[in-house]
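Structural overview for review
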Amino acid sequence: MSKITVKAPANIAFIKYWGRSEHELYIPRNNSISMNLSNCYTITSVEFGEQNEDIVEVKYFEKEVSLLTPNDLKSKALFRQIERIRQESGIDKKVKIYSENSFPADAGIASSASSFAALTGALLILFGQKEKFEDKIEFSRQIRLCGSGSAIRSSMDGFVEFLTPKESILAKGGFEQKDLTPKFSQYLHQGSKAKQIADQNHWDLVDIVAIVDPQKKLVSSSKGHLIADTSPYFETRILEMQNRIDLTRKAILDKDFKTLGRCIEEDSTSMHAIMMTSNPPVFYWGAGSIQIMLEVMKWRREDGLLAYFTLDAGPNVHIICQKKDTQEIQKKLKAISFVKWTIYNEVSAGAHIV
Ligand code: DP6
């Protein structure tokens, strides 16, 4: 088979995934909900090679091409994913992978989501398992095994929910080893999957990412998930967010922007409160992040401009708004000295072959 190329979007979580009940299978404690982004994406090409090792080349935004080595949690998981798909296919061939990102990596813009979704899709097709790529629910499970939970939500078009089984939501402190029989692990794996809420044509929402710091974050989200439940407020978040998840899903379906916006901001701040109170504490916000959050609230209060902020595991601020307001918001962002540049995103399709 010749070269296979897959493009996958990053996504911005309206309801955040933070903390797991099981770390090997990447099973989250809570459901999460996101929107796929049109201008933050990864394009990955894979082909078989005659060499003795897998070769993974990555070209990050405005950086030189570099060779990836399994030297951190995320890269190790990526090499494991290549091995897993190869073994399942029974095709004993090494691969050459080339991956290009349209936006800064590891800065809280879900670069692992787009790259892991694109990589998993391309590998499944190359190794003769296209049916697992085309069945989007199975595809989402396959992406999760790659080692990026949020990447699951890039498997389908538009607005997507990442479901976790109810046993996982209730598993205070996470599962113990003795709970994880092969049958139960299989049950968790089957139930932890994506579900589309609405496609990319449903609602013309926009995410303007205000870049305040494009550098790689100091603590990866993979590490953050491991310590999330050390926060004394973690179980409270899991309880109080259940209602917000239902409200968010309904607000998307009803196109109720005020309710959606309120849920988006509440959930972002709730997740960051967990991060800041975990052991050790993790602060992703910088001075610029805080200034932008305050500005967004002021626009609403003083100008009646409906915009809402959300931040992932990084200092850059995602401003969610309606398309009609984008020019005004871009203008206001330009006036904030912390903002280095912005990335404009509409709602996008999920991972697809190009
Ligand atoms: C803050 O998906 O990066 O962006 O499953 O370890 O790969 P792993 O974590 P990851 O975590 C995402 C964290 C987040 C919130 C979100 O996107 O839901």
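Here, every reference points to the structure presented above.
Figured I'd write up the structure that's included with this text. The structure presented is a predicted model; accordingly, all values stated were derived computationally and were not measured. (Residues numbered from 1 in each chain as written. Predicted model: local features only at pLDDT ≥ 70, side-chain atom pairs only at ≥ 80, totals over all residues. Heavy atoms only, no water.)

1. Notes on the sheet that holds strand 13 (residues 341-346)
Applied cut-off: Criterion used throughout: strands pair if DSSP finds at least two bridges between them. In this description a helix means any DSSP run of H or I spanning at least four residues, a strand means any run of E spanning at least two, and both kinds are numbered starting from the N terminus. Working convention: axes come from line fits to C-alpha atoms, limited for helices to the stretch in contact. Angles between N-to-C directions cover 0 to 180 degrees. Residues are treated as being in contact if the distance between any of their heavy atoms lies within 4.5 Å.
The sheet built from four strands is open, its strands ordered 11-12-10-13 with antiparallel pairing. Both outer strands of the open sheet, strand 11 (307-310) and strand 13, are each paired with one neighbouring strand and no more. Across the sheet, the mean angle separating the axes of adjacent strands is 25° when strand polarity is ignored. Pairing between strand 10 (residues 205-211) and strand 13: six bridges, direction antiparallel. Its bridge partner being in strand 13, Ala210 is matched across the sheet by Thr342. Packing against the sheet, helix 11 (residues 326-334) makes contact with strand 10, strand 11, strand 12 (317-322) and strand 13, and its axis sits at approximately 10° to strand 10.

2. Comments concerning the pattern of salt bridges
Spelled out, the test is: Definition used for salt bridges: Asp or Glu carboxyl oxygen within 4 Å of a side-chain nitrogen of Lys or Arg. Partly exposed residues are those whose accessible area sits between 20% and 50% of the maximum for their type, while under 20% is buried and over 50% is exposed, using a 1.4 Å probe and protein chains only.
The tally for this structure, following the rule as stated, stands at 23 salt bridges. We note a salt bridge from Lys166 to Glu167, for which the minimum N-O separation is 3.8 Å. When its relative accessible area of 25% is taken as the criterion, Glu167 is described as partly exposed. For the salt bridge of Arg300 with Glu265, the shortest nitrogen-to-oxygen distance reads 2.7 Å. Taken together, the residues Arg300 in helix 10 (residues 287-303) and Glu265 in helix 9 (residues 257-276) connect sequence positions 35 residues apart. On the accessibility criterion, Arg300 (23% relative accessible area) is partly exposed. The network of salt bridges with shared partners includes Arg237, Glu240, Arg244, Arg262, Glu266 and Asp267.

3. Examining the nonpolar core
Stated formally: Grouping buried Ala, Val, Leu, Ile, Met, Phe, Trp, Tyr and Cys residues that are joined through side-chain atoms within 4.5 Å yields what is termed a nonpolar core.
Ranked by size, the top nonpolar core spans 39 residues in total, and within it Phe14, Trp18, Met35, Phe159, Leu205 and Leu260 carry the most contacts. Secondary structure elements with two or more residues in this core: strand 1 (4-15), strand 4 (32-49), strand 9 (193-198), strand 10, helix 8 (234-254) and helix 9. When neighbours within four sequence positions are excluded, Phe14 is seen to be in contact with Ile33, Ser34, Met35, Phe159, Leu205, Thr248, Ile252, Leu260, Cys263, Ile264, Asp267 and Ile320.

4. Description of the environment of Asn316
Rules: Think of a polar contact as two N or O atoms within 3.5 Å of one another; within protein, one of them needs to be a possible hydrogen donor and the other a possible acceptor, and neighboring residues in sequence only count if both atoms come from side chains.
Inspection of the secondary structure puts Asn316 in the loop between strand 11 and strand 12. Of the residues examined, Asn316 reaches a relative accessible area of 1% and is grouped as buried. C-alpha separation for the pair Asn316 and Ala113, spaced 203 residues apart in sequence, amounts to 16 Å. At a separation of 2.7 Å, a polar atom in the side chain of Asn316 contacts the main-chain amide nitrogen of Val212.

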